[in-house]
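Architecture at a glance
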Amino acid sequence: MSVFSVVSRHFDIPMYAVNVVAMLHNFWEEKQKSQLNAGLTESLLLYESAASLGPPYVCYVTLPGGSCFGNFKVCDTQAEARRDAARVALMNSLVNELPGRRINPQFITQSLQQAASESVTIEDAYDSSTSIGAYCLLLHSYMGRTMLEFQEMMTVFQLLHWNGTLKDLRERQCSRQSVIAYYSHRRLDEYMRSSMALDWLGREQRSPGCLGEELQVAQRELVLARRRGIELRFQKEKTEILSLALSQAYIHHTPEAFSQTLSHTYKQEELPLHTLHSQDTEEQMTPPSSPSITHHKNTKQTVCPASGKHMAFNCPSPCSQQTYLPFNSFD
């Protein structure tokens with residue numbers, strides 16, 4: 001029996017009338033009603049359509065916790081892209097509810113074994129001053145919660161590592177424990193995004209052209225993640241932060257530099273997935289470092305009220321492959 005058959009029975013919806021957008025909304029509405037803090041939720045789902053002059057169209061849906069998914073298929077209409085994004089998010093949401101998606105002692109042990117290396121041993125996990133020890137601490141703090149919830153929190157640390165903020169904090173002699181205590185409860189907001197964009201703007205001024213190159217890499221990673229059907233908030237946030245920085249740097253560049261970046265992204269939509277994947281593995285990204293402030297959100301977003309027409313959330317799909325890396329950014 002397919003996932004959609006199960007869901008349609010649960011919501012008493014005839015198969016011929018399956019509406020994945022409504023089903024996704026209903027799923028999260030019911031989930032939030034069952035939670036004690038449901039009343040604190042600002043909105044359910046957020047749908048965003050990427051700017052496009054024509055097909056193929058791209059749509060992203062962000063879930064209440066911050067997880068984000070996009071349309072897996074190549075879509076000829078915006079409505080089709082929205083439905084496909086909702087389908088991917090719904091499947092990921094359902095899979096995330098399975099018992100096997102909970103952080104438990106077995107999962108923690110397996111993750112630590114994978115994180116261990118020649119220079120970092122499994123024994124170091126008992127020392128919170130080590131990178132793997134900090135990672136172990138984070139895992140235990142999410143005991144009993146879902147892997148999707150853990151990934152939502154880890155996205156913040158991924159961005160801080162990518163932007164160079166963690167390296168900067170280490171140089172300021174901030175302890176891992178204090179950084180974890182502070183950022184594990186921080187939500188990604190306009191201030192944090194703007195701060196990172198300002199850092200990248202500074203890098204662009206010191207090394208002209210690096211911003212456009214980094215944005216192209218981020219855009220390719222975003223396209224690849226979306227077409228694999230996996231959670232992609234990290235890639236999407238990177239793209240938006242870099243786009244914000246690039247828009248601020250526009251007055252210092254010629255318009256041609258920006259049109260080339262946009263056309264590069266559009267061409268990637270036309271590539272077969274295996275070709276896109278081979279490009280991604282051939283070009284390894286080396287993230288620079290630094291941290292600061294500004295503020296903004298560069299994509300147009302439409303928040304759908306509880307009425308449930310269009311919204312966004314992060315969830316994992318049947319084809320979702322999530323990798324959890326050790327908290328080694330301080331090393």
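The model shown is predicted, which means the values in this text are computed figures rather than measured ones.

What follows deals with the overall build of the protein chain. Each helix and strand counted, the protein chain has 13 helices and 4 strands in total. When contacts within the protein chain are restricted to residue pairs at least 6 apart in sequence, long-range pairs at least 24 apart make up 71% of them. Approximately 16700 Å² of the protein chain is accessible, and the part contributed by carbon and sulfur atoms is 54%.

What follows concerns the nonpolar core. By size, the foremost hydrophobic cluster in this structure holds 44 residues, and its most contacted members are Leu-112, Phe-150, Phe-157 and Tyr-183. Mapped by element, the contributors of at least two residues to this core are helix 4 (105-115), helix 5 (131-141), helix 6 (147-163), helix 7 (165-171), helix 8 (176-183), helix 9 (190-206), helix 10 (210-228) and helix 11 (233-248). Ignoring anything within four residues of it in the chain, the contact list for Tyr-183 reads Val-156, Phe-157, Leu-160, Thr-165, Leu-169 and Met-192. The next biggest cluster of nonpolar side chains, apart from the first, holds 22 residues, and it includes Leu-24, Val-61, Ala-81 and Leu-148.

Take the packing of helix 2 (residues 20-33) against helix 3 (residues 78-96) next. Two elements in contact, helix 2 and helix 3, have axes whose closest approach is 8 Å; the angle formed by their N-to-C orientations is 35°. When you trace helix 2 past helix 3, the crossing you get is left-handed. In this structure, helix 2 uses Val-20, Val-21, Met-23, Leu-24, Phe-27 and Trp-28 to contact helix 3, whose residues at the interface are Arg-82, Arg-83, Ala-86, Arg-87, Ala-89, Leu-90, Ser-93 and Leu-94. Along the lines of polarity and charge, the residues of the contact of helix 2 with helix 3 split into 10 nonpolar, 1 polar and 3 charged.

Further remarks concern helix 5. With 8 of 11 residues buried, helix 5 is to be regarded as a mostly interior element. Looking at helix 5, one finds that the buried residues are Ser-131, Ile-132, Gly-133, Ala-134, Tyr-135, Cys-136, Leu-138 and Leu-139. Buried residues belonging to helix 5 abut helix 4, helix 6 and helix 8.

With that settled, consider the environment of Arg-82. Relative to the assigned elements, Arg-82 resides in helix 3. Remark: the alpha-carbon pair of Arg-82 and Val-58, spanning 24 residues in sequence, is separated by 7.8 Å.

Where helix 4 contacts helix 5, the two axes come as close as 11 Å, and the packing angle between them is 160°. Overall, the two elements helix 4 and helix 5 adopt an arrangement that is roughly antiparallel. Of the two possible hands of crossing, helix 4 and helix 5 adopt the one that is right-handed. For the pair helix 4 and helix 5, contact is made by Phe-107, Ile-108, Ser-111, Leu-112 and Ala-115 and by Ile-132, Tyr-135, Cys-136, Leu-139 and His-140, respectively. Of the residues belonging to the contact of helix 4 with helix 5, the class tally is 8 nonpolar, 2 polar and no charged.

In the predicted model, the protein chain carries a mean pLDDT of 75, and the fraction of residues at 70 or more is 68%. A low-confidence stretch, residues 254-258 stays under pLDDT 50, and its non-local contacts, those more than four residues away or across chains, total 5 contacts. The low-confidence segment residues 281-331, where pLDDT is below 50, has 191 contacts with residues more than four positions distant or belonging to other chains.

Parameters and conventions
- Residues numbered from 1 in each chain as written.
- Predicted model: local features only at pLDDT ≥ 70, side-chain atom pairs only at ≥ 80, totals over all residues.
- Heavy atoms only, no water.
- Helix = DSSP H or I, 4+ residues; strand = E, 2+ residues; numbered from the N terminus.
- Contact = heavy atoms within 4.5 Å.
- Areas by Shrake-Rupley, 256 points an atom, 1.4 Å probe, with all protein chains shown as cover.
- Core = buried A, V, L, I, M, F, W, Y, C linked by side-chain atoms within 4.5 Å.
- Buried < 20%, exposed > 50% of the residue type's maximum accessible area, 1.4 Å probe, protein only.
- Axes fitted to C-alpha atoms, helices over the stretch in contact; angles between N-to-C directions.
- Left-handed = near helix turned anticlockwise from the far one by under 90°.
- Nonpolar A, V, L, I, M, F, W, Y, C, P; charged D, E, K, R; others polar.
- Parallel < 35°, antiparallel > 145°, perpendicular 65-115°, else oblique.
- pLDDT = per-residue confidence, 0-100.

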